[in-house]
Amino acid sequence: MHGWIILDKPYAMGSTDAVTAVKRAFRQGGFGKVKVGHGGTLDPLATGVLPIALGEATKLTGQMLNGDKTYDFTVRFGVETDTLDVEGKPVATSDVRPTLAEIEAVLPRFTGPIEQVPPAYSALKVDGQRAYDLARAGETVELASRSVNVHRLLVRHPELVSGSIVPQQPKLQDDKWTLKQVQGDGIGAIELPLDQITLAAHVSKGTYIRSLARDIAQALGTVGHVTMLRRTQAGPFGLAQAISLDKLDEIRQGAAPEDVILPFEAGLADIPALDLTPDQARRLRMGQVVTGIAAHDGRYWARGSDDAPLALVSLSDHEVRVVRGFNFG
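Residues numbered from 1 in each chain as written. Predicted model: local features only at pLDDT ≥ 70, side-chain atom pairs only at ≥ 80, totals over all residues. Heavy atoms only, no water.

## Some words on the side chain of arginine 231
Note on placement: arginine 231 falls in strand β16 (residues 224-234). For arginine 231, which is buried and forms no salt bridge, the nearest opposite charge comes from aspartate 43, at a distance of 8.3 Å. Side-chain polar atoms of arginine 231 contact the backbone oxygen of valine 49, separated by 2.8 Å. In contact with arginine 231, other than residues within four places in its own chain, are Gly40, Thr41, Leu42, Thr47, Gly48, Val49, Leu50, Pro51, Lys69, Thr70, Tyr71 and Leu239. (Helix = DSSP H or I, 4+ residues; strand = E, 2+ residues; numbered from the N terminus. Buried < 20%, exposed > 50% of the residue type's maximum accessible area, 1.4 Å probe, protein only. Lys, Arg positive; Asp, Glu negative; His and termini not counted. Salt bridge = Lys/Arg side-chain N within 4 Å of Asp/Glu carboxyl O. Polar contact = N/O pair within 3.5 Å; in protein donor to acceptor, adjacent residues only side chain to side chain. Contact = heavy atoms within 4.5 Å.)

Pasting the structure below:
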């Protein structure tokens, strides 16, 4: 039982709860004990792609944690909360509301390598304690800024709250949703203040969307917090591969696991393969360094003549070393 279940995690479910649900489904379905882990924590208030690893695939969860992710998220302007989401208490307010043009103008400032301060309500440790535990206890939490990379940031959909605005059929052009405003006898571009907006972001490991939303709002001369957060991609996995809890429940009721489990190799889709000869594969299995490999330096997954995955490997100066071996015996 080696592979992946890509769960479309529902709102209010924690990542650990999702792992427990998968274990329970297999146990109650009569498949015995299965080693299970998740490939990247997703906040209970967030929904979307949560990779669940089974068996030997749990050895790839570290690789998954280090991968890029994409999110859709809605920022509501005018109120900042202590948690930077809908769960928290208001700590700042503003009457300023940005226009769509102002929002689009500021997004390039948050694209590329940036520095951001993580939320006080986060799982980061301060003197051995979780930051959110300290914050909930009423202590002031000061976290150092960190370097992250926002590869792409764009407007997914402007949220309209004014009765004078009539949204036309949305059309995605150059990755930007276009909307029109009825003005007398013509149709003109919207330049009225918005209470909220939905953005899409492709980010590196360690990026906090709640912090990104806070900083964007402040750059617009206002404050804000996240009201919706949905992960649309995690490493090689996207929403198209995700299943609901109802589909997972079919395993508990006796459905074949193959109906919901993706193959082990699916977790390697964004890593290049390195083909080895039988002798090279034998030496690699023994933990030996394999020399004379003509390929670019980097991270690979090695496979033998039968195409079976052997290990995650690191190639440097024509030498291959095992990073993490696989055992399907």
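## What to know about unusual backbone geometry
You will see that alanine 12, though not glycine, has its phi angle at about 80 degrees, which is positive. In this model, aspartate 317 sits at a positive phi of 50 degrees, which is unusual for a non-glycine residue. Summarising the element assignment, aspartate 317 is placed in the loop between β21 (309-316) and β22 (319-325).

## Considering the side chain of glutamate 56
Take glutamate 56: it is sitting in the loop between β3 (47-54) and α2 (61-65). Judged by relative accessible area, which is 12%, glutamate 56 ranks as buried. A polar contact of 2.8 Å, which involves the side chain of glutamate 56, links it to the side chain of lysine 59. Among residues more than four places away in sequence, those in contact with glutamate 56 are His2, Phe264, Gly325, Phe326, Asn327 and Phe328.

## Some words on the sheet that holds strand β20 (residues 298-303)
With mixed pairing, the four strands of this open sheet are ordered in space as β19-β20-β21-β22. Unpaired on one side and paired on the other, β19 (273-275) and β22 mark the two borders of the sheet. Across the sheet, the mean angle separating the axes of adjacent strands is 45 degrees when strand polarity is ignored. Strand direction decides the pairing type here: β21 and β22, joined by six bridges, are antiparallel. (Pairing = 2+ DSSP bridges. Axes fitted to C-alpha atoms, helices over the stretch in contact; angles between N-to-C directions.)

## Re helix α1 (residues 15-28)
Between its first and last C-alpha, α1 extends 20 Å over 14 residues, near the 20 Å set by a 1.5 Å rise per residue. Of the residues making up α1, those classed as buried are Ser15, Ala18, Val19, Ala21, Val22, Ala25 and Phe26. Along the axis of α1, the buried positions cluster into a sector of 155 degrees, meaning they face one direction only. Of the exposed residues in α1, those oriented more than 90 degrees away from the buried face are Thr16 and Arg27. Contacts from the buried residues of α1 go to β1 (3-9), β2 (36-38), β3 and α6 (245-252). After α1 finishes, the residue glycine 30 shows a positive phi value of roughly 85 degrees. (Expected span 1.5 Å × (residues − 1). Arc of directions from axis to C-beta.)

## Let's talk about the nonpolar core
Counting residues in hydrophobic clusters, the biggest one holds 48 residues, and the most contacted among them are Ile5, Ile52, Phe73, Leu153, Leu212 and Ile216. A per-element tally of this core places α1 first, with six residues. By size, the runner-up hydrophobic cluster in this structure holds 17 residues, among which are Val49, Ala53, Ile271 and Leu312. (Core = buried A, V, L, I, M, F, W, Y, C linked by side-chain atoms within 4.5 Å.)

## Let's talk about the pattern of salt bridges
Under the criterion given, the structure shown has twelve salt bridges. Note that lysine 59 is salt-bridged to glutamate 56, the shortest N-O span being 2.8 Å. For the pair formed by lysine 59 and glutamate 56, the shared burial category is buried. Among the salt bridges present, the one from arginine 97 reaches aspartate 195, with a minimum N-O distance of 3.0 Å. With a gap of 98 residues between them, arginine 97 in the loop between β6 (90-93) and α3 (100-106) and aspartate 195 in the loop between β14 (186-189) and β15 (196-203) connect regions that are remote in the sequence. We classify arginine 97 as partly exposed; its relative accessible area is 27%.

## Notes on the packing of aromatic side chains
The relation between two aromatic rings is expressed through the spacing of the ring centres and the mutual angle of the planes. Under the definition given, this model contains five aromatic pairs. Between phenylalanine 264 and phenylalanine 326 the ring centres are 4.9 Å apart and the planes differ by 75 degrees, which places this aromatic pair in the edge-to-face class. With a gap of 62 residues between them, phenylalanine 264 in the loop between β18 (262-263) and β19 and phenylalanine 326 in the segment after β22 connect regions that are remote in the sequence. Arranged with centres 6.3 Å apart and planes meeting at 55 degrees, the rings of phenylalanine 326 and phenylalanine 328 form a pair that is tilted. (Phe/Tyr/Trp six-rings, centres within 6.5 Å; stacked < 30°, edge-to-face > 60°.)

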